[in-house]
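# Structural overview
Given next are the chains, with one letter for each unit.
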Amino acid sequence: MAMTRRNNKNDNIILNTIEELVPQDHDVRMLESCIDWNFIYPLVENLYSDVGRPSIDPVVLFKMIFINIIFGIGSMRKTCREIQVNLAYRWFLGISMDEKVPNYSTWSQNYIRRYSDSEVFEKIFDQILKQAVSYGFVDMDSVYGDSTHQKANANKNKYTDEEVEIMKKVYENDLLEEINKDREEHGKKPIKKNEKEELNFDEGTGKLKRDIETKHIKMSKTDPESGCFHKGEKEKCFAYSHQTFCDRNGFVLASVCVAGNIHDSVSFFSAYKVLKEKYMDQIKNICLDAGYLTPAICKTILENGQKMYAPYKRPMTKQGYYKKYEYVYDEGYDCYLCPNHKVLSYSTTNKLGYKEYKSNPKDCENCPLRKRCTSSKNFQKVVTRHVWEKYREEVMDEIRHTSKWKEIYPRRKESIERVFADCKEHHTLRYTRLRGLKKNQHQSLMIFACHNLKRMSKWRWKSISKTIQYYVKNIIIRYFKKKEKRYLFISTTLSTI
């Protein structure tokens, strides 16, 4: 057979329809089949005017974002170029071959003028999750939570040292009430709310001012709303942190974006509040890692009628010294017993919520175990116990040793950790090109919405395929059974003749 060479390009190619050219098993077909995209229209209707020139279809705009994230393109400019030449993307958007693709700046201008101050991103996220729930793919019996960082679009070497106010924690009022209750039981004066604030005279304004507790942080010159993230062996950089909850099947239920320098145990409460408002009646168990083992978090979860599953956390004690659990707490007498069987009596309850138990210096001075107990110059050992410690002990000493813990906690690495890995690898969660907390909150909601949509579409596609296979299999079996019966009838008839 002679070799054929095509020296000239054929510009007279006739395309019948895009529908015939998009493969039946392409991802865009799965995305289109699992949800009715018209749900976007009522969400954005109040953001458009009744008069004026026609706008770009909002469904097309948001579908462009889904293409951008699901297929890991990242750049909207590059996404528009891909749509121009990719027939599958055109089919998904409903754009014909002779129709012009919206410009990359169209989305940015629509975001600035319409969507930036709206709740449309959260509503789209909720609608996709609601669709997954209707298919029966979401199991909210056990919820898994964790936080991951996303590198900000900011140079880590360009920053200023700023003094900022320490933000009040959401549980501080409840904690102060508990502290004062405990102090009154021990015959001590209550701590006033404004005890940390002292009146001073400001010579510049000529007015009295209050001193507020502050701290020094590194603030990026490029993106001031990001935070300096530094954890373990990870690279020190400016980043955003995403506090996220998902179910056991890997469907994201809620996510809140905060600055990268906020600890997970602090950002937990804002994300938990979102989760509580939407799905609290359905959630029975919450699984978290060791970073969330604080008395305040344990109390919040247990008082809401849920169980908290967390791993063992090693005591943060100097090497060679006794661990805290080796000092036995006597609840009846409200005291501690040291390894040498000496009593550590209650002293006070400080403003951080810790009850202080102190030993008698005379007992410690000549104690043979003092070198493994304390190195204080006044020969006194101090052990602290939080006023909400009983909630933490319930999680660590009771729930952690149940058979349910062995069933639930190992699934954490298969759920929330896998969600983060998938979104970082395929859906642009590793870095952000956007600047500002609000923009990154909107982007993270879209990323997790895309994750849920992709997961739902694949599961839905598989279930449909299995259903089709089941019916085809039954038809084939019935056909051969009828044929077999007919053969048996003919053979028995011939044998009787």
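First things first, this report covers the structure right here in the doc. Since the model is a prediction, treat every value here as computed from it, not as a measurement.

### Side note on the overall build of the protein chain
If you tally the helices and strands in the protein chain, you get 16 helices and 15 strands. Within the protein chain, buried positions represent 40% of all 497 residues. Of all intrachain contacts in the protein chain linking residues separated by at least 6 positions in sequence, the fraction that spans at least 24 positions is 67%. If you sum the accessible surface of the protein chain, you get close to 30700 Å²; carbon and sulfur atoms cover 50% of it.

### Let's talk about the pattern of salt bridges
Applying the stated criterion to the full structure yields 19 salt bridges. The salt bridge partner of Arg29 is Glu19, with a shortest N-O separation of 3.0 Å. Of the two residues, Arg29 is situated in helix 2 (residues 27–34) and Glu19 in helix 1 (residues 18–21); the sequence distance between them amounts to 10 residues. For Arg29, a relative accessible area of 7% gives the class buried. Look at Glu19 and you get partly exposed, because its relative accessible area is 39%. Between Arg392 and Glu389 there is a salt bridge, with the nearest N and O atoms lying 3.5 Å from each other. With Arg392 and Glu389 both in helix 13 (residues 389–398) and 3 residues apart, the pair spans about one turn of that helix.

### Thoughts on a positive patch on the surface
Residues Arg77, Lys78, Arg81 and Arg433 make up a contiguous surface patch of positive charge. For Arg81, the position within the fold is in helix 5 (residues 76–85). Overall, Arg81 belongs to the partly exposed group, its relative accessible area being 49%.

### Examining the nonpolar core
Ranked by size, the top nonpolar core spans 102 residues in total, and within it Phe62, Tyr115, Met308 and Leu453 carry the most contacts. The dominant element in this core, judged by the number of residues it contributes, is helix 4 (residues 58–70), at 10 residues. Not counting residues up to four positions away in its chain, the partners in contact with Met308 are Ile286, Leu288, Tyr292, Leu293, Ile297, Cys298, Ile301, Leu302, Val395 and Ile399. Formed by 9 residues, the second largest nonpolar core is a distinct cluster that contains Tyr336, Tyr357, Cys373 and Val383.

### Remarks on the packing of helix 11 (residues 295–303) against helix 13
Helix 13 packs onto helix 11 with a crossing angle of 75 degrees between their chain directions and a minimal axis gap of 8 Å. When the interaxial angle is binned, helix 11 and helix 13 end up roughly perpendicular. Between helix 11, through Pro295, Cys298, Lys299, Leu302 and Glu303, and helix 13, the contact on the second element is made entirely by Glu389, Tyr391, Arg392, Glu394 and Val395. For the contact of helix 11 with helix 13, the residue count by class is 5 nonpolar, no polar and 5 charged.

### Some remarks on the environment of Phe137
Along the chain, Phe137 turns up in the loop between helix 8 (120–134) and strand 1 (142–151). Judged by its relative accessible area of 11%, Phe137 is buried. The sequence separation of Phe137 and Phe251 amounts to 114 residues, and the corresponding C-alpha distance is 8.3 Å. Setting aside residues up to four positions removed in sequence, Phe137 forms contacts with Ala132, Asp247, Asn249, Phe251, Met456, Trp459 and Arg460.

### Considering the packing of aromatic side chains
Evaluated as defined, the whole model comprises 27 aromatic pairs. Relative to Phe121, the ring of Trp107 has its centre 6.5 Å away and its plane inclined at 90 degrees; by these criteria the two rings are edge-to-face. Placement of the pair is Trp107 in helix 7 (residues 104–115) and Phe121 in helix 8, with a sequence separation of 14 residues. In terms of burial, Trp107 and Phe121 fall into one category: buried. In this structure, Lys63 packs its charged tip against the face of Phe92, placed 4.6 Å from the ring centre. Here the basic side chain of Arg77 rests over the ring of Tyr104, its NZ or CZ set 4.1 Å away from the ring centre.

### A few points about unusual backbone geometry
In the Ramachandran plot, Asp334 falls in the positive-phi region, its phi being about 50 degrees despite a non-glycine side chain. Relative to the helices and strands, Asp334 is located in the loop between strand 11 (328–330) and strand 12 (335–337). Given the relative accessible area of 17%, Asp334 is considered buried. Its identity as a non-glycine residue notwithstanding, Thr428 has a phi of 60 degrees, on the positive side. Within the element layout of this structure, Thr428 appears in the loop between helix 15 (416–426) and helix 16 (437–496).

### Details of helix 5
Helical periodicity: at 3.6 residues per turn, an α-helix aligns residues three or four positions apart in one direction. Listing the buried residues of helix 5 in full gives Met76, Thr79, Cys80 and Ile83. Looking down the long axis of helix 5, one finds its buried residues gathered within 100 degrees of arc, a one-sided arrangement. Where helix 5 is buried, its residues meet helix 4, helix 6 (87–93) and helix 7. The backbone nitrogen of Arg77 has a side-chain oxygen 3.3 Å away, supplied by the residue at the start of helix 5, namely Ser75.

### Some points on the sheet that holds strand 11
Sheet architecture is open: 5 strands sit in the order 11-12-13-14-15, paired in antiparallel fashion. With one partner strand each, in any of the chains shown, strand 11 and strand 15 (382–386) form the two edges of the open sheet. Averaged over all pairs of adjacent strands, the angle between strand axes in this sheet comes to 35 degrees, irrespective of strand direction. Note that strand 11 and strand 12 share 3 bridges and pair antiparallel. Across the sheet, the residue bridging to Tyr329 is Tyr336, located in strand 12. Contacts between helix 9 (residues 172–185) and the sheet are confined to strand 13 (343–349), strand 14 (354–358) and strand 15, with strand 13 contributing the most and set at about 125 degrees to the helix.

### What about a nonpolar patch on the surface?
Together, Val328, Leu337 and Val343 line one region of the surface with nonpolar side chains, adding up to about 220 Å² of accessible area. Within the secondary structure layout, Leu337 lies in strand 12.

### Quick look at the side chain of Arg385
Relative to the elements of secondary structure, Arg385 occurs in strand 15. Among the polar contacts made by the side chain of Arg385, one reaches the side chain of Glu393 at a distance of 2.8 Å. Once residues within four sequence positions are removed from consideration, Arg385 is found in contact with Lys324, Tyr329, Tyr336, Gly353, Tyr354, Lys355, Tyr357, Lys390 and Glu393.

Cut-offs used in this document
- All residue numbers refer to position in the chain's written sequence, counted from 1.
- Restriction of local features to residues with pLDDT of at least 70 applies here, the model being predicted, together with a cutoff of 80 or more for giving and counting side-chain atom pairs; totals for whole chains, interfaces and linings are based on all residues.
- Each side-chain value is worked out from all heavy atoms of the structure, with water and hydrogens disregarded.
- Segments assigned H or I by DSSP are reported as helices when at least four residues long, segments assigned E as strands when at least two residues long, and all are numbered from the N terminus.
- Relative accessibility decides the category of a residue: with a 1.4 Å probe and only protein chains considered, values under 20% of the type maximum give buried, values over 50% give exposed, and everything between is partly exposed.
- Every residue pair with non-hydrogen atoms within 4.5 Å of one another is taken to be in contact.
- The Shrake-Rupley method, run with a 1.4 Å probe sphere, supplies the accessible areas, and residue values consider only the shown protein chains as cover.
- Every case where a carboxyl oxygen of Asp or Glu lies within 4 Å of a side-chain nitrogen of Lys or Arg is listed as a salt bridge.
- A patch consists of residues whose relative accessible area exceeds 30% and which take part in no salt bridge; residues with like charges are grouped when within 9 Å of each other, and nonpolar side chains (Val, Leu, Ile, Met, Phe, Trp, Tyr) when within 5 Å.
- Counted as positive: Lys and Arg. Counted as negative: Asp and Glu, with His and the chain ends omitted from the count.
- Where a charge lies is defined by one atom per residue type, namely NZ (Lys), CZ (Arg), CG (Asp) and CD (Glu).
- Grouping buried Ala, Val, Leu, Ile, Met, Phe, Trp, Tyr and Cys residues that are joined through side-chain atoms within 4.5 Å yields what is termed a nonpolar core.
- Only the contacting stretch of a helix is used when fitting its axis, a line to C-alpha atoms as for every element, and angles between N-to-C directions run 0 to 180 degrees.
- Any angle from 65 to 115 degrees is called roughly perpendicular, while one under 35 is roughly parallel, one over 145 is roughly antiparallel, and all others are oblique.
- Polarity classes work like this: nonpolar for Ala, Val, Leu, Ile, Met, Phe, Trp, Tyr, Cys and Pro, charged for Asp, Glu, Lys and Arg, and polar for all others, with Gly in that last group.
- Only Phe, Tyr and Trp rings are paired, with Trp represented by its six-membered ring, and only when their centres lie within 6.5 Å; those with planes under 30 degrees apart are stacked, over 60 edge-to-face, the remainder tilted.
- Sitting over a ring, as applied to charges here, requires NZ of Lys or CZ of Arg to be within 6 Å of the ring centre and within 35 degrees of the ring normal.
- This arc corresponds to the set of directions leading from the helix axis out to the C-beta atoms.
- N or O atoms within 3.5 Å of each other form a polar contact, as long as, within protein, one can give a hydrogen and the other can take it, and as long as residues adjacent in sequence are counted only when both atoms are side-chain atoms.
- Two strands qualify as a pair provided that DSSP identifies no fewer than 2 bridges between them.

Treat this as a map of the structure, not an account of what it does.
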